[in-house]
Amino acid sequence: GKVNKFPQRVPWFDNQYLRDITLDSSFKNLAVDERGDLMAWDMKSCETILPDQNLIEVKISNNVAYGLNKKGEILVIPVKDKELRERYTERKRSLLTPWKKYCSYKWKLETKQLFNEKGEKNVTQFSTGREHLVFISNVGKAYTCATGISPLEATKSRGQFGIPTLSQFDPFPKCNQVYEIELLNNVLGSDKVSKRTIEQVECGNYHTLARDSVGELYSFGLNTYGQLGHPISYDMEYIPFPKKVSNFNAHFTRDNFLKCVDIHCSGDTSYASVIPQDVHKYFRDKNANIAEDMDNVTYFSFGNGLQGQLGNGHFKHSQPEPTKLKVLNEIKDYITKDKSKRVKIEQWGCGDKHVICKLENNDVLVWGYNENGQLGNGKRIKWCKPSNVPKLLEPGIKYNKNPEELLFTINNRLQLKPEQQLAAGGNASCIYWKR
């Protein structure tokens, strides 16, 4: 409820490492501590709401938390409804230490019946939108479900599930019932069906991106702002099936095979990292190590940019064609002064309308909406191209200058420690220590 233009210290986590942070303005923020316990916190209080689950990641969708544990299971956790949460909670005695009790939690996404592929046992990665969740199994198959305890009022599918039978013309699927995204997992050839291995999925509010092992990018869902990377058609603003995004070619020479190596989503905006590979080298060895090509990575964005979240130097309502992120594709190494070496993004944090990134040289870049001070740069002005964050005011140290004057000192930019990570969500951003 309070706007903070500068980063503010959260005292509950002093001297602690965390596994994950999720920011949510509708209830409380969530954190997974070093033991894997789930905590709910804001600036006034902090409490453990689900211990002993060995969680490694947590996300919020439709007022419900979804936590991935080390066994590769996704737990469904109604954070607002304590009574409902306790219905699935049981205290048990440990076989190794019978004098102690631990918390057993039973509400999980049912996956065993769908995991029919040989060696398919657990979930390796997942992402959530406003009302949907998409995850990948350990063999690279993608699945989806609607989220929450019940659908939002007057809700309908916007194609974000990637399943044609769950389109806007069909009944909204039952919450937490898992479906396989068959058109994404399978390649339909002329004479046979072959398998596609999905390596990463990311969700916006009502759209989904998926990247496969070959480096091809697919999208489905709402396309009102061009966030799917396809032309906007107002008589069909939903695409309920996976469709390949292939319009990066205009930015590269003809003899390159383009490989998508990373994807991310804000609310209605998409981001893709693409590297060009020599086509002869690619077809000679499709499994070659691409580390040597990463110096040529190019960052693209498409979708809604009205608040500057496209990062291309313009405020634009819709952008269906992938556009290069300003500065990020030009920034050079500050430390070595090597102007031929490009500094790459190490970590992304995407809020609803803003982005915060950690570079490999530990600099922090931000862009997008800033009305609530979520860019942490001492202002409340939206930014349309990636910019540095001023150095943090360290607790306990007295400065002669006020915070606004510190903004204009020479080379005043925030640099993180290697163990510090970023998180963004809604209208807030966070820096925390991760083990």
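What you see is a predicted model, and the numbers here were worked out from it, not measured in a lab.

Caption draft 1: Focus on the environment of E199. Structurally, E199 can be placed in strand β16 (residues 198-203). Classification of E199 as partly exposed rests on a relative accessible area of 43%. Measuring from C-alpha to C-alpha, the distance between E199 and T124 comes to 9.4 Å, with 75 residues separating the pair along the chain. Discounting residues that sit within four places of it in the chain, E199 has contacts with Q125, I136, R211, D212 and S213.

Caption draft 2: Quick look at the packing of aromatic side chains. Applying the stated criterion to the full structure yields 13 aromatic pairs. Ring centres of F135 and Y143 lie 5.3 Å apart, and the angle between their planes is 20°; this geometry places the pair in the stacked category. Take F135 and Y143: they sit in the same class, and that class is buried. Three or more aromatic residues joined by ring pairs form one cluster here, namely Y271, Y299, W348 and W367. The aromatic ring of F315 is capped on one face by K382, whose charged end is 5.2 Å from the ring centroid. Here the basic side chain of R435 rests over the ring of Y17, its NZ or CZ set 3.8 Å away from the ring centre.

Caption draft 3: Looking closely at the side chain of E180. When you line up the elements, E180 lands in strand β13 (residues 179-180). In terms of polar contacts, E180 uses its side chain to reach the side chain of N185, at 3.2 Å.

Caption draft 4: Fine view of the pattern of salt bridges. By the definition in use, this model includes 16 salt bridges. The shortest N-O distance in the salt bridge between D352 and R130 comes to 3.9 Å. Note that D352 is positioned in the loop between β24 (345-350) and β25 (354-359) and R130 in the loop between β10 (123-128) and β11 (132-137), a separation of 222 residues in sequence. A salt bridge links K344 to E360, with the nearest nitrogen and oxygen atoms 3.6 Å apart. Residue K344 is located in the loop between β23 (323-324) and β24, and its partner E360 is located in the loop between β25 and β26 (364-368); the two are separated by 16 residues in the primary sequence.

Caption draft 5: Spatial organisation of the sheet that holds strand β21 (residues 269-278). With antiparallel pairing, the 4 strands of this open sheet are ordered in space as β20-β21-β22-β23. The open sheet terminates on both sides in strands that have one partner only, identified here as β20 (256-265) and β23. In this sheet, strand β22 (residues 298-303) lies alongside β21 in antiparallel orientation, the contact comprising 6 bridges. When the bridges of β22 are listed, S270 appears paired with F302.

Caption draft 6: Geometry of the nonpolar core. By size, the foremost hydrophobic cluster in this structure holds 31 residues, and its most contacted members are L30, L38, I74, L109 and F135. With near-sequence residues (within four places) excluded, F135 lies in contact with I74, L109, T111, F115, V123, Q125, F126, K141, A142, Y143, V178 and V201. Y299, L325, V343 and V355 belong to the second-largest nonpolar core, a separate cluster that totals 15 residues.

Caption draft 7: Spatial organisation of the side chain of N176. Following the sequence through the fold, N176 ends up in the loop between β12 (142-146) and β13. At a separation of 2.6 Å, a polar atom in the side chain of N176 contacts the side chain of Y66. Not counting residues within four places of it along the chain, the set of residues in contact with N176 comprises Y66, V76, W107, L109, C145, A146, T147 and G148.

Caption draft 8: Geometry of the confidence of the model for the protein. The predicted model of the protein has a mean per-residue pLDDT of 88, with 88% of residues at 70 or higher. Here residues 332-336 is modelled with pLDDT under 50, and outside its nearest four sequence neighbours on either side it reaches 13 contacts, counting other chains as well.

Criteria and thresholds
- All chains use their own residue numbering, which begins from 1 and follows the written sequence.
- Predicted model: local features are reported for residues with pLDDT of at least 70 only, side-chain atom pairs are reported and counted for 80 or more only, and whole-chain, interface and lining totals are derived from all residues.
- Only hydrogens and water are set aside when side-chain values are computed; all heavy atoms of the structure are taken into account.
- Numbering of helices and strands runs from the N terminus, with a helix taken as a DSSP run of H or I at least four residues long and a strand as a DSSP run of E at least two residues long.
- Only protein chains enter the area calculation, which uses a 1.4 Å probe; residues under 20% of their type maximum are buried, those over 50% are exposed, and those in between are partly exposed.
- When checking whether two residues touch, look at their non-hydrogen atoms; a contact exists if any pair is within 4.5 Å.
- Only rings of Phe, Tyr and Trp enter the pairing, Trp through its six-membered ring, and a pair is recorded when the two centres are within 6.5 Å. The plane angle decides the type: under 30 degrees is stacked, over 60 is edge-to-face, the rest tilted.
- Remark: a charge is flagged as sitting over a ring if the NZ atom of Lys or the CZ atom of Arg is within 6 Å of the ring centre and within 35 degrees of the ring normal.
- Whenever a nitrogen or oxygen atom comes within 3.5 Å of another N or O atom, the pair is scored as a polar contact, on the condition that within protein one atom can donate a hydrogen and the other can accept it, and that pairs from neighbouring residues in sequence are kept only if both atoms are in side chains.
- The term salt bridge refers to a pairing of a side-chain nitrogen on Lys or Arg with a carboxyl oxygen on Asp or Glu at a separation within 4 Å.
- What makes two strands pair is DSSP finding at least two bridges between them.
- Nonpolar cores were defined as sets of buried Ala, Val, Leu, Ile, Met, Phe, Trp, Tyr and Cys residues, with membership established by side-chain atoms within 4.5 Å.
- The score called pLDDT rates the predictor's confidence residue by residue, from a low of 0 to a high of 100.

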